[in-house]
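Topology and contacts: notes
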Amino acid sequence: VTSVGSPERPYSIGVDIGGTFTDCAVLDDAGAVVTGKAPTTPSDFSVGFFDAISACAGVMDLSLPALLAHASRLAHGTTTGLNALLDGRGAKVLLVTTAGHADAIRIMNSRGRALGASMAELLDWSISSQPDPILPKEQVLEVHERVDCLGNVVVEMTESEISKVVAAVRERQVQAVAVSLLWSFANRVHEDVLRRRLVSACPDVSVSCSYEVAPRLGHYPRTVTTIMNASLTPLMSDYAERITARARQLGFASEVLFVQNDGGLLPSGEAARFPVSTLRSGPVAGVVGTALVGSLQGEADIVTADMGGTTFDVSVIHGGHPGRSNETVIRRQMLHLRSVDVESIGAGGGSIAWVDERTGLLRVGPHSAGAVPGPICYGRGGTAVTVTDADLALGVLNPDRPFAGGSRLNREAAVEALGRLGQRLGLDPISCAAGIVEIVDSLMEDLVRRVTVQRGYDPRDFSLWIYGGAAGAHAGLFSRQLHVRRIVLPLGDTASVWSALGATLLQRRREFQKSVYMPPPWNLRQIGSELQQLETDAESYAAGWSFDTTGVQVRRSADMKYGLQVHEVEAPLPSGPVDDGWAKELTADFESAYERRFGAGTGFSGAGVTLTALRVVVESAAGARSVPAVVPERPVDEWRPAEMRRVFWRELDDWADTPILHGQSLRVDESIDGPAIVEYAHTTVVARPEQRLRMERFGNLILELARRSL
Amino acid sequence: MSVVDQAAEADGERQTRRHELIYGYLPKDKLLVDPSLGFHQEEDLDLDPITYEVIRSKLWNLNIDHGETVRRTSGSFPVADANDFNASLATETGEGTAFGPYQWFFAGYADLVIRWTLEHRSHNPGIADADVFIQNDPWVGTNHQNDAAVFSPVFCEGKVFAWIYNCVHQRDLGGTVPGSIAPNAASVYDEATFFPPLKLVEAGLLREDILDVWTRRSRHSEISALEVKSQLAGVNFARQRFLEIVDRYGPKTVKRAMNKTLEDSSRTVGERLSRLPDGIWRDERYMAGATADDPRPYKLCLSYEIRGDRLRVSNAGTDPAVGSFNFTTGAFRGSVVSGLFHALAFDVDLCGGGLLRQIDFDVEPGRINSAIHPTAVGSSIGMIVSCSQAHSLAAKMVSGSPDLARHGFAPCTVHTLASAIFYGTDQYGNQYQNALLDDNGGGGGAFVDRDGLDNSGSSLGVSKPIPDVENVERGMPLLCLYRQEALDSGGPGRFRGAPAIVSAWVGHNSDDSYCIMSGLLPHATMGRGVDGALPASAGSDLYALESTCQAWFEGGRIPATPSDLRVAAPELVHAVKELRPFRTGSVYQALSNAAAGYGDPLARSPELVAGDLAGGRVSIPDAGHMYGVVIGADGRYDESSTCARRGTLIASRLSASRQPREPMIGSSSDAPESERVIASVALAGGILCCWHCGWHLAQPRGSYRLGCRELDERPSTVSAHLRDSDDTAGEPLVVRRYLCPGCGIALDSEICRAGDEPYWDVQVTGSMGTGGRRPTVGGDGNGAAAPGRLGSP
């Protein structure tokens, strides 16, 4: 087993900045994990960033500089960019686009009402709304130029058009320019000219070109992605510089790395140029981290389920690789962002339970009480009953344990509010609480099923890895009918800092892609030369990597579809020379991928297969690592319940005295029969009646379902 | 619905019922089903509310996943990009418990298809487990031949328990014209061949003979096969998932959950109808474009009669079927369901069956909206008009209701549909055929308390996007010169409709390409404003065979605005329903339908008009002409000049208008606090009067329109975006506004013939509820400070 770092620098540090807390995880070369938290500091995120690392250093009896000096990597998932976008703190941007198309960001391909809207808003126009245009008209400039879909220049961009742009940038005093011309990803010549001229004429202005930020078909989403990138560039540059300078000052000797949406790590310089590529890095680090921890533990097929305060996020890892998608919606705008595919619903600890006036039925979510005011039991002014209030009322959560923020949970207030809600339904407070949990768990179960069965995956082939603050309390319910192979609550209390832990394990990674349109018959020579170019680009990029270069993997893939279908399926491309045999193999691979996803007999080769994107991925090889482990393999005394608590179990339709255990007291191979509750500092894990929890090597808790559960 | 099972008696009756293939199928009270087919109807009445919510949500999610499976695998551009399809789950007798968030008119005939199949296929060839049927017969139940249904019974314990259904717009199913929409069809024999329900899958085995029959008539049989397979994938997925749910919760529990969904939804709709006054609500309008050489307007009529908690729908008064823009009874039913969803069923999770339980249909056969076989019905454009009519009549019906008025918004884009299909040889040297969907662009109609939603797409469903410019250019030999919002196009009103989209396309890289222009003539716009708002433009498409675009390109310029295009293509003419060559340099400009406004434009808050000006939605001339708002040099409105200007405009409209046909004298001071029949007509002191000023208009059982002054104007003088009639021989169409003789505010508007008598649009037959309800109109939706009323003009 090779270590993460060198003997002198054994630590890998991961940091994840969330809305309330900044989490840190330190992994050493023996696999030991240390975690720490500090409040997030929105006025200057770098303060919370180093505070969280300090918290870990404190646990390790090290000073912050000593920990950093002995760290081989410092990787960072951040919501800095996303928060800046949400708070409207981005820079003032001028959009430059092809003449006749300034309104693309207003028209939004007629999708404005629907993008990011809830189902209730979609169905009821009276509560429906539309997003404001991402830029006002006066911040959009049209230039006369044109490229067609084959990449041919139809209208040359004249000198006077270029001068017009330069003059406008100076005159309008913008901090950033987004250049997004039609078909620039097929021929970048005009975007390149504009960039060169702007960089030399206006050196203080940052320039984002769409062919670099989002080189894919679709003018509207490409333009929005480029605008968001431009808007974040000044802020992100500043932030990355501050983090990097401070880390260096404290003795960290390597590059600070940023988690990007597709699950790879970027050096700070690139993150500063492409801040949009870090927008979704938080949940992504958790998923990719799971893939890596899973593969170190011998699990290649995993469904991840992350239940936090507001959302329930699900992702599929197949053959060790997380699925990826090309589009995402942020701030009710469609973006071209290559991201690890995470599906979400509004179901978390903070999800609000309410009565549908029309039918008199109990519903849960999608609205959340959020961190503020939060659930009623937090006592911060929340008035709506949430899932957490229900968990507390049922005895699943410990009222005597301080929650994030330090206060005690107020069970009386939760029960009282449940009583009021239940009265409208003819239910007592506890039946109402049990109903809320039943409903939210059913919603979560359906989402897991959607991302597996509907995508052609058989859940029986997968293990379900469950993490996030609220997940352990619900795993035993929502996983009952999924028939997955194994249910894993990984690494004990790290569940609450899982994204930070993920960041300690991620790889350098970058995708090079070319958007193409190749209906049959394919021009194999052209495909070969495009792939060769992409591979050359990828290899020369990877040559600059300065760490973890134990090996570099280069893989090909393509987006493909039948005939004139709009939606593509991603399929791996065979390696080796592009010849007739290669093409035959590729067609067969695509058809099997298609039929696996959509069912036997749905493919139809007569419709022909069209290639729409070629892609080459380069990543540092995972290599052999120490497996992260949170349980020291040492004997401990036989466990005893720390206490007993009355808990209501719907299966029993009654209360039962339930043993409560401290997570730290469990040892490897120990089993706990439900009903029982295991409490960690930040997580609660539940074994329901007739279920069993078993502690595995490394500190995973395995949830075993009984033959007969409700 | 109960089921008759006496075979002997049924046989003769079944033959009689085959006549419905001539007139259009509407099920009788009892279905005639072969006794060999059993129905699983037992239910567990003790369903607890938590389990119900869990199952309800599972069935909803199952249906969404069904729809997504179809959408993602379909080879059909309209399905994948424009959501022109739907999926549903139905009870054993076909009542739809959940539809998907796609196009909603499909909900109005999915049950017809299932019930016809039960009546006519249970006997021969039989209905069995794992069978799947396919059909596109408009007289059984579909919008037009392109909309093909694939559907399957779900059996439980040997009996029919439920049905899984989807219907998608297939791109080409043969006929005389590529794309299968023949704008000049004389009869259905000029259109795509259609089939009543065929057994496509028998006991789980795909019948290749039937698949070949289906696909061989298409110009793109391989795409057609892919479309069918995508529908099968959806049905198979949904059936398997449904059976898992039945297995887990038990058939009686699931059955109860489905029935309860229907009961809750129909009760909700019924309660809403009960809160509206009993009465008859009528809409009469003209549509034009029956064929290429017929610009005459034809009358389309619709009425809603409320009696207690039920609604009776009739098409009485509609002109006989003519030309190619007709549609069948099933499609008429679909359009009514689509129009009523927004006003009455916006929160019942698209439970179409629940809504339909409260509606009775009274259909006169042989009309434009109830065409009999073999009338041409393949174009779909008439059905879209009917959706718009059903929608705007529903908006009027609820406009006086304090709690429902905000659900009744004005017509959105795609009210007067035009379309262009391009085909030929593409830039890659392959054959292609695709629709330009830019006519579907644009936004939403205004609400009672805020402007319409810009660029929302139509209200025919949840979302009807248009393809990205680059997507269009990749699939067709076209270059987009511009795609932008059209200035001043949003339907004028106290609250404004969303603007239209104007785009222009030049032929590029192909000299073997053609364009089939289709659709309605825009002088008869269906963008009828609500509550006295002016009509919104129906847009209009322009075409020129030649242009100088290439010379512009060589000079480093793009004709990037409609005025540039006039220079580059001086030969531009209005597109008519015909096939034209479209080669390199040919140009096509699509101007979508604008959405309509709500309320009299002179009552629009001047701040909102100034905001429109700043946002590029309204020009200074239109601010003055249409809204009576005078804008100063600083871009702000001038209050005193605006007041004076509005006074002048009111005075001039009153002086230009005709005397009321049945004048009334007097006014009621308590009108603003009184119960309203429609938005601007109140019932105060036992008299129908103007809600704004209390002017008496009619007796309570009379027609308020007869007490209004009538102002008839040529459309082009009202707005540069409205067109005068192409029918030079006939009586011209005018914009008519019904003005309150007291305050001059427009209480209603329409497009009609100058000689038309005012039809009785609101006929109250019952008592109005409790009276004295405070109106909710006005408010602060878009920063408007005061309700939409003028002071003393």
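Residues numbered from 1 in each chain as written. Chains lettered and ligands numbered in written order. Predicted model: local features only at pLDDT ≥ 70, side-chain atom pairs only at ≥ 80, totals over all residues. Heavy atoms only, no water.

Okay, the overall build of chain A next. Broken down by element type, chain A carries 18 helices and 33 strands. Scaling as 2.2 N^0.38, a compact globule of 710 residues should have a C-alpha radius of gyration of about 27 Å, and chain A matches this with 26 Å. Taking the principal axes of the C-alpha coordinates as reference, chain A spans close to 80 × 65 × 55 Å. Put simply, chain A has 710 residues, and 62% of those count as buried. For chain A, contacts bridging at least 24 residues in sequence account for 67% of all contacts bridging at least 6. Total accessible area on chain A is roughly 25500 Å²; 49% of this is exposed by carbon and sulfur atoms. The positive charge centre, built from 68 side chains, and the negative charge centre, built from 83, are 2 Å apart in chain A. (Helix = DSSP H or I, 4+ residues; strand = E, 2+ residues; numbered from the N terminus. Rg over C-alpha atoms; globule rule 2.2 N^0.38 Å. Buried < 20%, exposed > 50% of the residue type's maximum accessible area, 1.4 Å probe, protein only. Contact = heavy atoms within 4.5 Å. Areas by Shrake-Rupley, 256 points an atom, 1.4 Å probe, with all protein chains shown as cover. Lys, Arg positive; Asp, Glu negative; His and termini not counted. Charge placed at Lys NZ, Arg CZ, Asp CG, Glu CD.)

Moving on: the nonpolar core. Counting residues in each nonpolar core, the largest one holds 123 residues, and the members touching the most others are Tyr304(B) and Leu340(B). Considering every element that reaches this core, the biggest residue donor is helix 12 (residues 381-398) of chain B, with 10 residues. Each residue touching Leu340(B), except ones within four places of it in the same chain, is listed here: Tyr304(B), Leu311(B), Ala345(B), Leu355(B), Ile359(B), Ala394(B) and Met397(B). Leu425(A), Ile436(A), Val678(A) and Leu173(B) belong to the second largest nonpolar core, which has 105 residues in total. (Core = buried A, V, L, I, M, F, W, Y, C linked by side-chain atoms within 4.5 Å.)

Take a negative patch on the surface next. Residues and elements named next belong to chain B. Together, Glu607, Asp634, Asp638 and Glu639 give the surface a local cluster of negative charge. Here Glu639 shows up in helix 18 (residues 639-656). Since its relative accessible area comes to 59%, Glu639 is described here as exposed. (Patch = residues over 30% accessible without salt bridge, like charges linked within 9 Å, V, L, I, M, F, W, Y side chains within 5 Å. Salt bridge = Lys/Arg side-chain N within 4 Å of Asp/Glu carboxyl O.)

What follows concerns the sheet that holds strand 12 (residues 310-314) of chain B. All names here are of chain B. A sheet is described by the order of its strands in space; here five strands give the open sequence 13-12-11-10-30, paired in mixed fashion. At either margin of the open sheet sits one strand with a lone partner, and together these are strand 13 (359-362) and strand 30 (762-764). Neighbour to neighbour, the strand axes of the sheet diverge by 15° on average, direction disregarded. Where strand 10 (residues 279-288) lies against strand 30, three bridges are found, and the strand directions are antiparallel. Residue pairing across strands places Trp281 opposite Val762, the latter belonging to strand 30. (Pairing = 2+ DSSP bridges. Axes fitted to C-alpha atoms, helices over the stretch in contact; angles between N-to-C directions.)

For the rest of this paragraph, the subject is the interface of chain B and chain A. Opposite the 97 residues of chain B that make contact, chain A presents 85 residues. Contact between chain B and chain A buries roughly 7600 Å² in total, counting both sides, with carbon and sulfur atoms accounting for 56%. Across the chain B-chain A interface, the total number found is 12 salt bridges. Across the pair Glu244(B) and Arg449(A) runs a salt bridge whose closest N-O atoms are separated by 3.6 Å. The interface formed by chain B and chain A contains 36 residue pairs in polar contact (both at pLDDT 80 or more). Every element with two or more residues in the side of chain B that touches chain A is listed here: helix 3 (49-73), helix 4 (77-82), helix 8 (221-249), helix 9 (251-275), helix 13 (469-475) and strand 16 (478-485) of chain B. The biggest single contributor to the side of chain B that touches chain A is helix 3 of chain B, with 17 residues. (Buried area = accessible area lost by both parts, 1.4 Å probe. Polar contact = N/O pair within 3.5 Å; in protein donor to acceptor, adjacent residues only side chain to side chain.)

The subject of this paragraph is the sheet that holds strand 28 (residues 733-739) of chain B. Residue and element names in this part refer to chain B. Strand order in this open sheet of three strands is 27-28-29, and the pairing throughout is antiparallel. Because the sheet does not close on itself, it has two edges, and the strands there are strand 27 (709-713) and strand 29 (746-753). Taking each pair of neighbouring strands and ignoring which way they run, the sheet shows an average axis angle of 25°. Pairing between strand 28 and strand 29: seven bridges, direction antiparallel. Across the sheet, Tyr738 pairs through a bridge with Asp748, a residue of strand 29.

As a further point, take the confidence of the model for chain B. Residue and element names in this part refer to chain B. Residue-level pLDDT values for chain B average 92, and 95% of them are 70 or greater. Contacts of residues 770-793 to residues separated by more than four positions or lying in other chains number 53 contacts, the stretch itself having pLDDT below 50. Quick note on the complex model: pTM equals 0.92, ipTM equals 0.93. (pLDDT = per-residue confidence, 0-100.)

Attention shifts here to the packing of aromatic side chains. All told, the structure shown has 30 aromatic pairs over all chains when counted by the stated rule. Every member of this aromatic cluster is reached through a ring pair, and the members are Phe133(B), Phe151(B), Trp163(B) and Tyr165(B). The ring of Phe50(A) has Arg246(A) lying over it, and the distance from NZ or CZ to the ring centre is 5.7 Å. The positively charged end of Lys255(B) is found above the aromatic ring belonging to Phe161(B), 4.2 Å away from the centroid. (Phe/Tyr/Trp six-rings, centres within 6.5 Å; stacked < 30°, edge-to-face > 60°. Lys NZ or Arg CZ within 6 Å of the ring centre and 35° of its normal.)

When the terminal C-alpha atoms of helix 9 of chain B are compared, their 36 Å separation across 25 residues agrees well with the 36 Å that a helix rising 1.5 Å per residue should span. Across the 25 residues that make up helix 9 of chain B, a large majority, 18, are buried. (Expected span 1.5 Å × (residues − 1).)

Take the packing of helix 14 (residues 429-452) of chain A against helix 8 of chain B next. One can describe the packing of helix 14 of chain A onto helix 8 of chain B by two numbers: an axis separation of 14 Å at closest approach and a directional angle of 145°. In this structure, the crossing between helix 14 of chain A and helix 8 of chain B has a hand that is right-handed. Taken together, the residues of helix 8 of chain B that come into contact with helix 14 of chain A (itself represented by Glu445(A), Asp446(A) and Arg449(A)) are Arg241(B), Glu244(B) and Arg248(B). Taken together, the residues of the contact of helix 14 of chain A with helix 8 of chain B sort by class into no nonpolar, no polar and six charged. (Left-handed = near helix turned anticlockwise from the far one by under 90°. Nonpolar A, V, L, I, M, F, W, Y, C, P; charged D, E, K, R; others polar.)

A few words now on the environment of Phe590(A). Residue and element names in this part refer to chain A. Tracing the sequence through the fold places Phe590 in helix 18 (residues 580-598). Look at Phe590 and you get buried, because its relative accessible area is 0%. Phe590 sits 14 residues away from Phe604 along the chain, and the two C-alpha atoms are 11 Å apart. With near-sequence residues (within four places) excluded, Phe590 lies in contact with Met560, Lys561, Tyr562, Val569, Ala571 and Val609.

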